[in-house]
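Observations on the three-dimensional arrangement
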Amino acid sequence: MAYSLKKIAVNLGKVLLGLLILVFVIIAFALNFVFTPEKITPKIVSAINKNLEAEMRAESIELSFFKTFPSFTLEIDDGAIVNHLNDSIKSAVTVRRDTVVSFERCQVTVNPWAFLRNKIVINHLIFEKPQIYAFISESGEVNWDILKTTDSIESQPDSPVTETEFDAKIDIKDVRIRDGYLFFENGLTNLFSSLEELELRLKAKYDPKKILLDIDCQSNSSNLFKKGDTLLHDFGLGIVSKLEMDRVTKALHTEKTKLILNDAAFVLNGDIALNQEKKILDLDLNFGLENASIENLMGLLPPSVINKKSIPSSKGEVNLDGNIKGAYGKNSLPTVNAALNIKNGELAYKEMPNKIDELEAEMTLFIDPTKEEISFVKIENCKIIGNNTAIKIDANVSDLLDNTRFNANLDGKVDFGELQKTIPFKEGIKLAGIFSSKVELSFTKDDIERSNYGDIKGKGFFMFENFFIENTQRQNVFSTKYSKMEFIQSDESTILSDAGTKVRGGRIDISDLILQQNEKLQFTVAKLFAEYGAIPKKDTTSIRRIKSKFELKQSKFNIGDTLKGEIRYSKGVFFVNPSELNPVKPSVKMVIEIDSVGIKSKNNYFAIKKGRYNVSTEKNEKNLWPLNGEISFGSLILYTPSFPLELKMPETSLKLSEGIINLEKAHMQLGRSDFTASGKLANFGGRFFRDELLKGELNINSKFTDVNQLIKTLNEGEKNEKAEDKDPDSKMVTIADVETADSTSVFVVPKGVEFIWNTQLEEVKMGKLILKNLNGLVTLKDQKIEMNSLSMITNGAKMYTSSTYEAKSKQLANLNMDFKLLDIDLANLIDMFPVLDSIMPMAGSFDGNVNFRMKGRANMDANLGMSANKLELIARILGKNMVIMDSETFQEIAKKLFFKNKEKNIIDEMSFALQYKDQVLEVFPSEFQVDRYRLALGGVQKLNGSYSFHISVLKTPIPLLKMGIDVIGTDQGNNMDLTKARYKYFFAKSDRKREKADQELMARKEAVIKRLPF
């Protein structure tokens, strides 16, 4: 019997083992052949997305069982959750991110056996290198609320409906973030924060009433911003906390949360409640130091300043108590109350020869955003003594949230050389020199904002002697051989008034100052001395009158690679008086002399020698400070890559009035061109600093103007602008390059300028032309140049024009033209307008002087030449005593009409009216006398070289001989046929006969003549 039971047990065991092996084989087969990543990834992603108000993406999802037996593991590679933000959130998102989280890998490990106990157990939820973006809008909407509500998930028709609730408990044993990055944008408070190198471990337990959270979070590099301003930069942050959350009210309670800032540890306890209706947090938190010691407070110093390997030791009583209470949300901040007391303190570091012998402080902070009570910061009896250092500070900053008032007393000195031997600063930080002070200061925020510096009450001094601070790793330096700032209240000062007047004043005396912030800023001053004084005011609503004077020797500054400057010597006087229009606002006047100054911005530069500035200014309604007065200088040089020719100005005086520059015979040299300008420029500062519209009305005189060089300069300048946009360090076109530059693009009229020039130019070089005595009005506006009644002499002829040039891109320039030339040689006319040779080659058959006028529209090339392809014009030519050039065509016509053989065939007078359109020139019938004949000529000439003309014989020596000749051909040859005289009625003196002529043709000719009077 026993044997049978044993046998049954053995057989049963074999069966169970076989079944277990079979289960594992089935699982292994399913995981490796059925549930492969390629097959399950799209299905799992689809299933998850059905439950999200967002979109999940994943490169690969893999199931694992044996590696984490007895748990199942889901591994997701290269995943992301994207929240396609609704319009209300999208418009408020500052950084325009829609990815809530992306990660290299996510691992979820679940205990399947817990389902049998009506429980969900997540053993591990691990994110590798996640990038997290969290956002709260001004209205309280968030981008992480992506789970669909149960009533928004549509039930499947075939799915059985059950009323059984799932009442399982959920345990998340371990949630981890490894090497993560979090950016949090809080639209309720306009605060931004980032956490880099984020490490998080979260343990949670759920039951029906509360959630227990165990948090350990660290970031080695954290930042806090507000509207672009950095509040805290690159600080260490750590949170270790046990929290209880009420599942109904969402209220959080903590008994002991550890907050670590850099290496300083604080303790928080209290409650945080979420008011969902108002979308605010109700805070009631108390905080203090975890370890009430000075070395704990020293832990606030970041590792970029102090060597964290050095171990401090301290003595003394330290106590920090604080409370944060109230609502936190949009337009709501809690009240903050804190007090720090240090008594009988001492501080020393091992391996450092010096120590701080005495350290005491009483500090109080109170901030009430509701303004029911006055907010303040108070520092009392703050003392630091040790090793040639003894300093005492008392300060009271009251009314923090309104017109903040500062009151401070600083008395003592600090030996920074000895401080270097006391504190273990990080390697590369070097200190030396003495700072000493004995000063009392009092002023308000309004004094600074209203520029009412005369109301700053001060008595005493700040002084630096052989002072030096350097951080070699960050390339930051501040040093001075000697610098002193004094504040004086005296009856003896005569800087502003006679002796006996109570004067608030001061002096600044600086020698060999160096200020450097890595590559962003370098500033040096060899010598600066300044003093100021402010007399009492009779009107309490008025600002004080201030007078100051200064003398500066050898100063240089660099702001990155964008701005560099140097002043060799300068001196001047400043006056600050109440504005006549509004006594609470300052009116500033300055008289400054600068021996020489040079400023370079990227590849732009200007330099001034012997400058004198006598100007005044008041802030206007646009918060700008327009200048009034006079600026004069011995010489000026200005250069910009957008116009790579140096502008040189000899001794010149400029008058300023409300942002307007008035010029009086200001001489300028631009390459080979010279100009003398009188008139005014408006909004020069707005154009230079804010890209606003520059306006000007100027009388321009010039002995020589090289338009070719100026246009090439503008074209090459645009290349420089494009090169700088792509690469600020790219090679710029120089002045010498302009001379050899090819003009391949049309001249584009600059944007943002409106000028009216009354020009008187003695000689102008434009293309191949030399223009003399160019006079008239030129208007530049809306990227157009309008020439109104310009007159000039070219090739011995008088020319008049009223034309408009327009070019807004390098590809196209248009000219709406009206040119009139009197007594010009026909050959010179062709040289001046080469396009005429293309559209009416017959002009080469005549020699002599003509009057010429044309109107029309043309496309212009880079050399200001007209293109015949798109040309439209009407023209008139009047000539007397013209010579017909001997040619094969003329010889054949002469033979047919029995002309006498002459060396020269003279046309006593001719008048042609022309129209060119669609690449066809139409010559309207025109009458002229040659040899013994009166002829009429008309026809068409096409741009492709073909032509068709008709000559009517109107009067001959043989009265009965009235005929016509048709001349039809191309530039390769022609045919002539005798025919009827088509124009015999065109020039008849009898109205009856003229009515037989082509009336439409006559009307079009008369229209051209009417539009082109001489």
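Along each chain, the written sequence defines residue order, and numbers are assigned to residues from 1. Only residues with pLDDT of at least 70 are given local features in this predicted model, and only at 80 or more are side-chain atom pairs given and counted; all residues enter the totals for whole chains, interfaces and linings. Heavy atoms from the whole structure form the basis of all side-chain values; hydrogens and water molecules are not counted.

As named in an unreviewed UniProt entry, the chain is AsmA family protein, taken from Namhaeicola litoreus.

Now for the overall build of the chain. The helix and strand labels rest on DSSP assignments: H or I over at least four residues marks a helix, E over at least two residues marks a strand, and numbering proceeds from the N terminus. Scanning the chain from terminus to terminus reveals 14 helices and 49 strands. Restricting to contacts in the chain with at least 6 residues of sequence separation, those with at least 24 account for 52%. As displayed, the chain offers around 56800 Å² of accessible surface, 54% of which is attributable to carbon and sulfur atoms. Only heavy atoms enter the contact rule, under which two residues are in contact if any of them lie within 4.5 Å. All accessibility values rest on the Shrake-Rupley procedure with a 1.4 Å probe; residue burial counts only the protein chains present in the view.

What follows concerns the packing of aromatic side chains. The pairing test for Phe, Tyr and Trp rings, Trp by its six-membered ring, is centres within 6.5 Å, and the orientation test on the planes gives stacked under 30 degrees, edge-to-face over 60, and tilted for anything in between. Scanning the entire structure with this criterion turns up 20 aromatic pairs. Seen from their ring centres, Phe103 and Phe127 are 5.5 Å apart, and the 70 degrees between their planes marks the pair as edge-to-face. Of this pair, Phe103 sits in strand 3 (residues 99-110) while Phe127 sits in strand 4 (residues 119-128); the two residues are 24 residues apart in sequence, bridging distant segments of the chain. An angle of 85 degrees between the planes, with centres 5.8 Å apart, marks the rings of Phe464 and Phe478 as edge-to-face. Here Phe464, found in strand 20 (residues 457-471), pairs with Phe478, found in strand 21 (residues 476-490); they are 14 residues apart in sequence, far enough to count as distant.

Core analysis: the largest hydrophobic core is formed by 113 residues, its most contacted members being Tyr805 and Met866. Per-element accounting of this core gives the leading share, six residues, to strand 40 (residues 812-825). Not counting residues within four places of it along the chain, the set of residues in contact with Met866 comprises Leu815, Met817, Phe819, Phe833, Val835, Met854, Ala858, Asn859, Met860 and Leu871. Membership of the second largest hydrophobic core comes to 29 residues, among which are Ala264, Val318, Leu347 and Ile391. Among buried residues, the Ala, Val, Leu, Ile, Met, Phe, Trp, Tyr and Cys ones that are joined through side-chain atoms within 4.5 Å form a nonpolar core. Relative accessibility under 20% of the residue-type maximum defines a buried residue, over 50% an exposed one, and the middle range a partly exposed one, all with a 1.4 Å probe and only protein chains included.

What follows deals with helix 14 (residues 999-1011). Residue pairs spaced three or four apart in an α-helix point in one direction, given the helix's 3.6 residues per turn. Here helix 14 is 13 residues long and its end C-alpha atoms lie 18 Å apart, about the 18 Å a rise of 1.5 Å per residue gives. For helix 14, the set of buried residues is Leu1001, Met1002, Lys1005 and Val1008. Projected down its long axis, helix 14 carries its buried residues within an arc of 125 degrees, all on one side. Buried-residue contacts for helix 14 involve strand 43 (872-884), strand 44 (905-917), strand 45 (920-930) and helix 13 (991-994). What qualifies as a polar contact is a pair of N or O atoms within 3.5 Å, subject to a donor-acceptor requirement within protein and to the restriction that residues adjacent in sequence count only when both atoms come from side chains. Where helix 14 begins, one side-chain oxygen reaches toward the backbone nitrogen of Glu1000, 3.2 Å away; that side chain belongs to Asp998. To estimate how far a helix should reach, multiply one less than its number of residues by 1.5 Å. The arc in question is traced by the directions running from the helix axis to the C-beta atoms.

This brings us to the side chain of Ser241. Mapping Ser241 onto the fold places it in strand 9 (residues 229-246). A polar contact is formed between the side chain of Ser241 and the side chain of Thr257, at a distance of 2.7 Å. When near neighbours in sequence (up to four residues on either side) are disregarded, Ser241 contacts Leu213, Asp214, Ile215, Thr254 and Thr257.

Despite not being glycine, Asn344 has its phi angle at roughly 50 degrees, a positive value. We classify Asn344 as exposed; its relative accessible area is 54%. Not every positive phi belongs to a glycine, and Asp512 is a case in point at roughly 50 degrees. Counting through the fold element by element, Asp512 comes out in strand 22 (residues 503-517).

Below, the discussion takes up the pattern of salt bridges. Salt bridge criterion: a side-chain nitrogen from Lys or Arg within 4 Å of a carboxyl oxygen from Asp or Glu. Under the defined criterion, the tally for this structure stands at 29 salt bridges. Note that Asp509 is salt-bridged to Lys527, the shortest N-O span being 2.9 Å. Residue Asp509 is found in strand 22, and its partner Lys527 is found in strand 23 (residues 521-534); the two are separated by 18 residues along the sequence. Taking the relative accessible area as the measure of exposure, Lys527 reaches 30% and is therefore partly exposed. The network of salt bridges with common partners includes Glu75, Asp77 and Arg105.

Let's shift gears to the environment of Gly679. Along the chain, the position of Gly679 falls in strand 33 (residues 673-682). On the basis of relative accessible area, Gly679 is assigned to the partly exposed category, the value being 22%. As for Gly679 and Lys665, which are separated by 14 residues in sequence, their C-alpha atoms are 8.5 Å apart. Apart from residues lying up to four places away in sequence, Gly679 is in contact with Ile661, Asn662, Leu663, Glu697 and Leu698.

Attention now goes to the environment of Asn849. Along the chain, Asn849 turns up in strand 42 (residues 849-859). Overall, the relative accessible area of 34% leaves Asn849 in the partly exposed class. Distance from Asn849 to Leu822, taken between C-alpha atoms, is 8.5 Å for residues 27 residues apart in sequence. If sequence neighbours within four positions are ignored, Asn849 has contacts with Asp823, Ile824, Asp825, Gly879, Lys880 and Met882. At 3.1 Å, the side chain of Asn849 forms a polar contact with the side chain of Asp823.

Together, Lys962, Lys980, Lys984, Arg992, Lys993 and Lys996 line one region of the surface with positive charge. Within the secondary structure, Lys984 sits in the loop between strand 49 (973-979) and helix 13. According to the relative accessible area criterion, Lys984 is partly exposed, its value standing at 42%. Note on patches: the residues involved have over 30% relative accessible area and no salt bridge, like charges join within 9 Å, and the nonpolar side chains Val, Leu, Ile, Met, Phe, Trp and Tyr join within 5 Å. Charge convention: Lys and Arg are scored as positive, Asp and Glu as negative, and His as well as the terminal groups of each chain are ignored. By convention, charge coordinates are those of NZ in Lys, CZ in Arg, CG in Asp, or CD in Glu.

On to a negative patch on the surface. On the surface, Glu59, Asp78, Glu104, Asp179, Glu196, Glu197, Glu199 and Asp234 cluster together into a patch of negative charge. Of the residues forming the negative patch, the biggest block, three residues, is contributed by strand 7 (residues 191-206). Inspection of the secondary structure puts Glu196 in strand 7.

Attention now goes to the confidence of the model for the chain. The quantity known as pLDDT measures the predictor's confidence residue by residue, on a range of 0 to 100. With 82% of its residues at a pLDDT of at least 70, the chain reaches an overall mean of 82. Note that residues 150-168 has pLDDT below 50 and, in this model, nine contacts with residues that lie over four places away or in other chains. A low-confidence stretch, residues 721-742 (pLDDT under 50), is modelled with 35 contacts involving residues beyond four sequence positions or located in other chains.

Glancing now at the pairing of strand 28 (residues 627-633). Strands were regarded as paired on the criterion that DSSP finds at least two bridges between them. Where strand 27 (residues 604-618) and strand 28 come together, six bridges link them in antiparallel fashion. Looking across to strand 28, one finds that Ser616 is bridged to Asn628. Bridge analysis of strand 28 against strand 31 (residues 652-657) gives five bridges, and the strand direction is antiparallel. Note on strand 31: the bridge partner recorded for Ile631 is Leu654.

So, on to the environment of Arg57. In this fold, Arg57 is placed in strand 1 (residues 55-64). Relative accessible area serves as the criterion here: at 41%, Arg57 is assigned to the partly exposed category. Considering only alpha carbons, one finds Arg57 and Ile76, 19 residues apart in sequence, at a separation of 9.7 Å. Among the polar contacts made by the side chain of Arg57, one reaches the side chain of Glu55 at a distance of 3.3 Å.

Attention now goes to the pairing of strand 10 (residues 252-261). Where strand 9 meets strand 10, seven bridges bridge the pair, whose relative direction is antiparallel. Within the sheet, the bridge partner assigned to Leu237 lies in strand 10 and is Leu261. Where strand 9 folds back on strand 10, the antiparallel hairpin that results is connected by five residues, among which Lys250 adopts a positive phi of roughly 65 degrees. What sits between the antiparallel neighbours strand 10 and strand 11 (residues 264-275) is a turn of two residues, in which Asn262 has the positive phi angle 55 degrees.

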